[in-house]
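This is what each chain is made of:
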Amino acid sequence: MTFFRPFLKRLGGMAITLVAMSILIFLLVELMPGDAAQRVLGQSATPQAVAALRESMGLNDPVWVRYGRWASGMLRGDLGTSLYMRGVPIASIFWRKVGNSLVLAMLALLFYVPLSIVFGVLAGVKAGKLTDSIISFFGLATMALPEFVSGIILMTVFAVKLAWFPITSVIPIGESVWNNLDILILPALSITFVMFGYVSRMQRSSMISVMNSDYIRSAVLKGMPMRKVIFRHALKNALLPTITIIGMNMGWLFGGLIVVETLFGFPGLGSLTMSAVKTQDTPLIEVCALFITAVFVVSTAITDLLYGFLNPRIRYPGGS
Amino acid sequence: SKSTRASQSKTIRIAEQVPNLITPGVWDGQAFSLDSSIYEYLVDIDTEGKLVPALATSWETTDGKVWTIKLREGVKFHDGSDFDSEDVKFTIMRTQDPTVGHLKAQDFSVVDSVDTPDKHTVVINLKEVRPTFIYQMTDYNMAILSSSYDYAKFGETKPMGTGPFKLDKLTPKESAKLVRNKNYWDKGYPLADELLIYFVPDIDASVEMLEAGKVDIVPQVTPLIRQRLEKAEGFKVVSPYQEQRFISMAADRKPFDDNRVRLALKYAMDPEILAKACQGTLNTDIFYNETPIMNSLAQYRPLPSRGHDIEKAKSLLAQAGYPKGLSVELYYASDHPYSPALAQTVKELAEPAGFDIQLKGYPRDVYLSQYWMNAPLSITGWGGRIDPSVLLNLAFTSKGPWNESHIKDQEVDQIITKILKEVDDSARQQLYDRLQEVFYERGTLINVQVPYLVAMKDTLEDYRQPITMLPQLKYAHFKDVK
Amino acid sequence: MTSKPLLDIHNLNVVYETPSGSIVAIRDLSLELRANEAMGIIGESGCGKSTLSYAILDYLPPNARRSGSIMFNGDDLLLKTEKEMQNYRGDRIAMVYQNPYSALNPSLTIGEQLDEVTRVHRGFPRTQAREESIKALKDLSLGEAEGIVRRYPHQVSGGIQQRICIAMALLCQPDIMILDEPTTALDVTTEASILDIIGELKERHRMSLIYISHDIGVVNKISDRIAVMYRGEVVELGPQEELFDHPRHPYTRALINCMPRAGVKKETTRLNTIPGYVTRRSADERGCPFASRCEKRNAVCEEIYGLREIESGHLAACDRAYADDVSEKKAAIPLVPKAKSPAGAGATGGWSGTKDSSAAADAGGFGTVGPDTATTPLIRLEKVYKYYRNRKRTVRALDGIDAKIEKHDVLGVVGESGCGKSTMGHLVAGLLAPTKGNIYFEGKDISATWQRRSGDTIRDIQLVFQNPGRSLNPSFSVEQILDRPIKKMLKIRSRRERRAMVIDLLKKVDLGEEYLSRPSTRLSGGEKQRIAVARAFVTSPRLIVCDEPTSALDVSVQASVLNLLGELQEQSHTSYLFISHDLNVVNYISDHILVMYLGRVCEYGLRDEVVNPPYHPYTEALLSSAPDVNPSHKQKPIRLEGAPPDPSARIVGCPFAGRCHKKIDDLCDTTPPPLKRLSETHYIFCHLSEDHLKGSAHL
Amino acid sequence: MRRVWYIAKRNPLIFPALIIILFWLLAAVVGPSRMAFSYTAMDMDHQMTAPGMGGHFMGTDSLGRDIWSRIVFGSRSILTIALLTSLFSSLAGVVLGFTAGYFGGRIDALFLRAMDIMMAVPPLVLSMVVLGVLGNSNILTLTLIVSIAYTPATARVARGALLSCKNIEYVDAARLRGESHLYIMFREILPNTIGPIIVEVTARFAYSIMMVASLGFLGVGLQPPTPDWGMMVIENKTIIKAAPWAVLYPSLAIASLVIAISLFSDFLSKVVIRDQ
Ligand SMILES: Nc1ncnc2c1ncn2[C@@H]1O[C@H](COP(=O)(O)OP(=O)(O)OP(=O)(O)O)[C@@H](O)[C@H]1O
Ligand SMILES: Nc1ncnc2c1ncn2[C@@H]1O[C@H](COP(=O)(O)OP(=O)(O)OP(=O)(O)O)[C@@H](O)[C@H]1O
Ligand SMILES: [Mg+2]
Ligand SMILES: [Mg+2]
């Protein structure tokens, strides 16, 4: 019961956010200058042809009718059809790219989460020492480099000079990402670069504040060995804010994917969004934006729940 | 491993830019490897630039009005159905279908009817005389389609034609795999077993793939990439034909409605600089003129160089009522080779004359679908046409659907109409001469001719791509592989 | 004494490196602790007490440097490596500190935290460690130990948390237990029972204690010997009784004398104060650390000083300590008697009159109170309820209380933490509005927040907050702080006039003009509270609500603020609603006292009526728990069992029934206690008869 | 001051950071007028020349334009946008966050929900979509959109800062003398929260630079020939082998500026956050 309540509440909040977000995205994209039908048919099309297409695309309906149609389609899993690639159902392109991006994101997470936690903890424990200064500066520097700069650096070093990894992340025809994990390394590293800074800094400061807390003092003065103090007493508490940050940064991660996927030519959600924007493929933009939003909302919710689950103060509320 | 190597070398891999619409009729000029390998045309153009039979074996007209075309026998579509005169009729009549939004609708509105006396003969009756009508059948949007196939439904996902390769697998926005068409009519072709086409939006990424040995051909590269690849081993960059960048001034609105302003801009241009901005040399690989006719065509007549004359430009502007200069927006496709460099150079060159040009670059698709045809000043890429008349009607008559400069010049209209109908070659040339003079005097465009560049492995041979812009990949093969 | 000391601290120095230079926190400190001895250490805040305790266990922040020696059983702890220290910490020397809640790891169960001590130090297996832990908890009379070990720290109350911390310290039967203000965060009643337990355990386990506190009364209860620390040095050291009866060092004397205590009242006495405050000590400072604040300093103080034995076992670091100055020997300095103020006259008024006696009756037998409205009280609270509602629960902070404040009168309100004292103050001041019930100001209904009160009412009722640091805006200067209310509430336009008023106010609170431009962050706690008081007096209010105005201050500063408040009240005839959890303070300043428990009134009356029998059992418990300075008053506190009930629970009977030592079974649980009118001015809510209430073991 | 110096000594990286920031500020203010070449001038005799040749300190790009002039000129637009966005978003954030946090209750709940919704779209995605929708961007639209995209985050920071002060007694004291809400918010509370807000402004400054650079890289930023640093990187990526300087120097410019500002922001937070 105590576990379900926040869960249901989160679910409600999530739904509201998603609905509001979908309205916002829909309106924003529908407000694009230019007429979708015209865009399909090109500048040289006759007005009749455009009018006919408008009618058949339902563009003459009031905006809320169109939203209703679109939203109910989304709910049924019907993502609509691409405007640009006329008649191609978005679902046929979309999910594959999402899958690719998720693999990339997961790999990046696999890289930067342990890495930044380990180094963040190290910096936090050695706060003020040289180790800390080096890690902190490195974190700051990587964080301050936009993905495309670090991506280009990685590309020139590891792909061009050393040729350890492929320079572009194109998936060979007829294969899936899974057989080609090597193409993911450099994009994942570029993301790692940026995220490492954020997460390790967060981890460092939460480690420092935990290490300065009274209960760590208790543990030390109980005579616990340092190893035990850090791993048993400090880490569990110091990880909590980091988990939140990792969850919160899911949005950031997807923003980063756009740049990184574009840079490496990786066929994922990011480059799909980019090409949707470049071709002003409104239905596709809507789906991409909505999906990224949904990922963020869901991951935030999961983080919250996880936080509640890991934090006994929330898991077992109330006094005696 | 030997066999894999052999099969590999029978596979040609191409990095295309993201495909446009795949169904013929609405292509505005991208991703031709995929389309041209699946579809075919009635006639082709050979390496010498001559018209040669393709799906048609012969064509003739007596008066330029009734065209009789004999079709090749034994040709089958990929779905196994036979190719016959109904399909040609379907393809031509489809241009007039409003639901398609066919880009050749205007050109084929001249068709009165299409008769199919037998399975392998087509008779096209025109409303007017069109001595060069057959050239229209080389247009990239005139791929022959099957009358029994639902292109509205499957055109974008399962394109189907008579071409040398069949579609095996299409991953939209990612890649396509084409395999050899075993029933292809031209025995012995195609030479390759497979075509693997990657759709890579970023040209740099494509080139990197080429350098890394992941693809064999990258079409539509920039001169900078040519320079880069020429330094490396194992690659070559070929230029199968020249294309054009029209710097168009809209004649129907201020400020370019005044010919003096147009002339001012022309005087401000420095062809040498423009050529250098395109990373080329003037009159070697970059050409400059002020008419729609390419230098390489027989119809071209050289006109005196105007010269780079800022003072003249200034005074012309002053005469036109802009003594303090003027401000204008220049639209262009920011991701099209040459265009961004040209745009920035035009801006830079025009500035001293008093033009304050704001650049408005958009991705190519956005540019074409939203701003093109609607801009005071624009730079658009135009492919060449085997016969200039095809282009003239499209882009320079007052009713032309692609009349981007909105030129509405009675004399131009008349000359073009006459050119279309004129049967006599020398009379036609005279008309062409006059047309070029008119454009030199009061035309609406500056034409920078640039090489179309294709980068590839140097072991790849017989890459053919005539001026129709359609690569003929059935001939392509690697050096030692047969 | 001949026995070898267990812990011998010799010439210990601790220096902190800070942005503003080096600070000497401990200076040449030498101290011996013998087996089974309880050493109390007292001193004001910042005197280095905690630093000393951490220095012993080598747990100092990275910016600290130690020198000297700390011999424990013949080993110098200063020479031990971090690894070696681990064998001492928690095993031979254990420590308990101030805030039990934050001292326990929130994400481990209590059992896990207890078990690991014996597992690490004794290598016990899991089950044995757990048995050991449960035994230790039972040792501290925690009944339901088996259940407690499975809980998380936040699931038990503060008193229990502290007992857990003590149990944790005891697990390995350490030789020394260091307690650094272990009860400061707790209520007096809880404090008393914990002190009691500590005393017992010390005897049972035969260990030595170092007990650190700023409260002489507390140290007094537990120590055999007492060390007085001032600015990093021990200035006086001696057996407990001796030290209190014959304090030698001026600082000790001052410290003892500035405590309000039983029998000290504002009418007759002015509290002793120590001028100035504890300053940080730089490395190059010489001379007696107390010299700058000492009234009797002379040239010698700047140079020689040092702890010297005066009598056997009694050491002091002052040359005048040798002189057996009779007049100063006793702690009780003759105090300046003061004339009783006429304000007391108002105190004879009756109990808050309830006009609607039938309504009062069903709320708990208030009906016996006759309407007694001879004089309209300044403030009257009538059946005031205040509920704090949030999604989870409703806290009944005030559960239908009646109260009144006479004109020119001080009403002291006491009660344990969370009983609703501040809530009451905030209701009167207008920060909150009552959920139900009315508040009358001179008969005018003001049961609303400041937004709905008239300008006059706002001017007439002012508030002084507990924490002076938080009640002054840190980005304002003193002048800005005082100027704004003058401008805003008195609507005085002229800048010059306002400045004159500000200077006047500063004078009133004994501060000079030089304070005008001082940023409020650069004031000491006492100065801040003076400014806060000055601000409250800007509008010459009729009533000032003082919400624990001294509880965040050191005793010496507390004394000066109490003096100030007392004086100002005399001069201006302002009334106070004086809230405090410290009975001694309330006792000192109040004319009337209201004892609260869980949002209800237990007892109300003139001060002397309340602090003397007959009294409410809760008042009795409070009084017995209050630490007293005078060691001869050592007494057995009445141990209140358990914690106060959940303030959100609805209570039918007497709220105190669950912890009452005089409970009359069922009756107390089921029936609200009736109001007993013991005199014209004295009321008690209790089922017990008057005799019963009188017949207490106390005193 | 002494404190600042003490902290600075323990964080010596602040000195190079300050020098770099000053350098770029100076470059933006007086730089363009001191350049030997205009940022658009095409020196066609020196296309893609290496640094030092033909008087081009950092070489030229494919159009013969001086990289150094372009970078110096580019500092102007990027600093302007970054400054404006950090100011706008902080201003909007403070107003929104303060209002919500101060009044609490429904307003606050509504605010939090709205911010949740806004924050659900990553700022880069939001800016990209909007700029894509608008088509062409200039300094104004770019500033506006990036500001809007960042406002929720700054509003949360401002709200948090306000909440940490709102229940302190001096606010109650101000209420009890009948001060207006505006006075309390901006006169009593704001000065005490200015520390974290300034830190936030500087952090936003760094983020804005990264964002503008990324948008330039994605091709939805400023229009050429404005020498936007991110755009310069992507523009010259093709010639990374022939003229690596054309990519390297703009990248270095971005990196140095962002790192310097981040270091500064870090330092500032150490100075501002008193209890350490
Ligand atoms: N880490 C530190 N850095 C600098 N100065 C410190 C540090 N810790 C304590 N101090 C200073 O050292 C002096 C002694 O502090 P300590 O905490 O030992 O005093 P205390 O007597 O325990 O006070 P309290 O009663 O407030 O707990 C104080 O002036 C304090 O400000
Ligand atoms: N804003 C609030 N919301 C919910 N509960 C509150 C609020 N303020 C106080 N309470 C609760 O109301 C009860 C009475 O609080 P109040 O602050 O009046 O007690 P107090 O006697 O002043 O305690 P203390 O001595 O700790 O200051 C407590 O249980 C407290 O937790
Ligand atoms: Mg202390
Ligand atoms: Mg309180």
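Going along each chain's sequence as written, the residues are numbered from 1 onward. Working convention: letters from A go to chains and numbers from 1 go to ligands, in the order in which they are written. Per-residue local features are limited, in this predicted model, to residues with pLDDT of at least 70; the limit for side-chain atom pairs, both in listing and counting, is 80 or more; totals at the level of whole chains, interfaces and linings are taken over all residues. Hydrogen atoms and water are omitted, and side-chain values are computed over all heavy atoms in the structure.

A. Structural view of the site of ligand 2. All names here are of chain C. It suffices for a single heavy atom of a residue to lie within 4 Å of a molecule or strand for the residue to be listed as near it. Ser 417, Gly 418, Lys 421, Ser 422 and Thr 423 are the nearest of the 13 residues found near ligand 2. Computed by Shrake-Rupley with a 1.4 Å probe, the accessible areas treat only the displayed protein chains as cover when residues are assessed. If ligand 2 stood free it would expose 630 Å²; the protein chains cover 62% of that surface. Numbering of helices and strands runs from the N terminus, with a helix taken as a DSSP run of H or I at least four residues long and a strand as a DSSP run of E at least two residues long. Contributions of two or more residues to the shell around ligand 2 are made by strand E14 (394-405) and helix H14 (421-429). With three residues, the top contributor of residues to the shell around ligand 2 is H14. Side-chain classes are defined by residue name, with Ala, Val, Leu, Ile, Met, Phe, Trp, Tyr, Cys and Pro counting as nonpolar, Asp, Glu, Lys and Arg as charged, and the others, Gly among them, as polar. Among the residues making up the shell around ligand 2, the classes are represented as five nonpolar, five polar and three charged.

B. Geometry of the site of ligand 1. Residue and element names in this part refer to chain C. For ligand 1, the set of nearby residues contains 15 residues, the closest of which are Ser 45, Gly 46, Lys 49, Ser 50 and Thr 51. Pairs of N or O atoms within 3.5 Å make up the polar contacts considered here, provided that, within protein, one atom can donate a hydrogen while the other can accept it, and that residues adjacent in sequence are counted only when both atoms are side-chain atoms. The separation between an oxygen atom of ligand 1 and a polar main-chain atom of Gly 46 is 2.8 Å. Taking Thr 51, its side chain carries an N or O atom lying 2.4 Å from an oxygen atom of ligand 1. Calculation on ligand 1 without its partners gives an accessible area of 630 Å², and the protein chains cover 72% of this total. Elements with a contribution of two residues or more to the shell around ligand 1: strand E1 (7-18) and helix H1 (49-56). Per element, the largest residue contribution to the shell around ligand 1 is three residues, and it comes from H1.

C. Representation of the packing of helix H12 (residues 269-278) of chain A against helix H13 (residues 282-310) of chain A in the model. Residue and element names in this part refer to chain A. Angles here are taken between N-to-C directions and fall from 0 to 180 degrees, while the axes themselves are lines fitted to C-alpha atoms, restricted in helices to the stretch in contact. The contact between H12 and H13 brings their axes to 9 Å, and the two run at 145°. The chirality of how H12 crosses H13 is left-handed. In this structure, H12 uses Leu 269, Leu 272, Thr 273, Ala 276 and Val 277 to contact H13, whose residues at the interface are Leu 284, Ile 285, Cys 288, Phe 291 and Ile 292. For the contact of H12 with H13, the per-class residue count stands at nine nonpolar, one polar and no charged. Helix crossings are classified by the rotation of the near helix relative to the far one: an anticlockwise turn of less than a right angle makes the crossing left-handed, while a clockwise turn makes it right-handed. It only takes one pair of heavy atoms within 4.5 Å for two residues to be counted as in contact.

D. Expanded view of the pattern of salt bridges. Here, a salt bridge means any Lys or Arg side-chain nitrogen found within 4 Å of an Asp or Glu carboxyl oxygen. Under the defined criterion, the tally for this structure stands at 74 salt bridges over all chains. With a closest N to O distance of 3.0 Å, Lys 457 of chain B and Asp 216 of chain B form a salt bridge. Here Asp 216 of chain B lies in the loop between helix H7 (203-211) and strand E11 (217-219) and Lys 457 of chain B lies in strand E17 (residues 445-457), a separation of 241 residues in the sequence. The exposure class assigned to Asp 216 of chain B is buried, which follows from its relative accessible area of 1%. For Lys 202 of chain C, the salt bridge is made with Asp 224 of chain C, and the minimal N-O distance between the two is 3.1 Å. On the criterion of sequence distance, the pair formed by Lys 202 of chain C in helix H8 (residues 188-205) and Asp 224 of chain C in the loop between helix H9 (216-222) and strand E9 (225-230) is long-range, its members being 22 residues apart. Classification of residues uses two cut-offs on accessible area relative to the type maximum, computed with a 1.4 Å probe and protein chains only: under 20% is buried, over 50% is exposed, and between them is partly exposed. The exposure class of Asp 224 of chain C is partly exposed, given its relative accessible area of 35%. Salt bridges sharing common partners tie together Asp 409, Glu 411, Arg 434, Glu 437, Glu 441 and Arg 442 of chain B.

E. Focus on the sheet that holds E1 of chain C. All names here are of chain C. Strand order in the open sheet formed by four strands is E2-E1-E4-E5, with antiparallel pairing between adjacent strands. For this open sheet the edge positions go to strand E2 (21-33) and strand E5 (75-76), each flanked by a neighbour on one side alone. Strands are labelled as partners when DSSP assigns at least two bridges between them. Relative to strand E4 (residues 64-72), E1 runs antiparallel, the two being bridged by eight bridges. Directly across from Tyr 16, in E4, lies its bridge partner Ala 64. This element, H1, spans E1, E2 and E4 of the sheet and lies at about 115° to E1.

F. Fine view of helix H1 (residues 2-10) of chain D. Turning to H1 of chain D, its buried residues are Tyr 6, Ile 7 and Ala 8 of chain D. As for H1 of chain D, its buried residues are in contact with E1 of chain C together with helix H2 (14-34) and helix H10 (245-272) of chain D.

G. Structural view of the arrangement of the chains. Taking contact number as the criterion, the leading pair out of five pairs of chains in contact is chains A and D. Spatially, chain B and chain C are disjoint, and the shortest separation between their C-alpha atoms is 49 Å.

H. Structural view of the confidence of the model for chain B. In this model, chain B carries an average pLDDT of 86, and 96% of its residues clear a pLDDT of 70 or more. Contacts of residues 1-7 of chain B to residues separated by more than four positions or lying in other chains number zero contacts, the stretch itself having pLDDT below 50. Residue-level confidence of the predictor, termed pLDDT, takes values from 0 up to 100.

I. The interface of chain A and chain D, seen in detail. Contact with chain A, which involves 42 residues of that partner, is made by 35 residues of chain D. Summed over both partners, the accessible area (1.4 Å probe) lost when two parts come together is defined as the buried area. Carbon and sulfur atoms supply 82% of the area buried between chain A and chain D, which totals about 3,400 Å² over both sides. Remark: the boundary between chain A and chain D carries one salt bridge. Here Arg 201 of chain A ties to Asp 266 of chain D by a salt bridge, and the two come within 2.6 Å at their closest N and O atoms. Here chain A is connected to chain D by three residue pairs in polar contact (both at pLDDT 80 or more). Among the secondary structure elements, those contributing two or more residues to the side of chain A that touches chain D are helix H1 (4-30), helix H6 (130-144), helix H7 (147-161), helix H8 (182-211), helix H11 (250-264), H12 and H13 of chain A.

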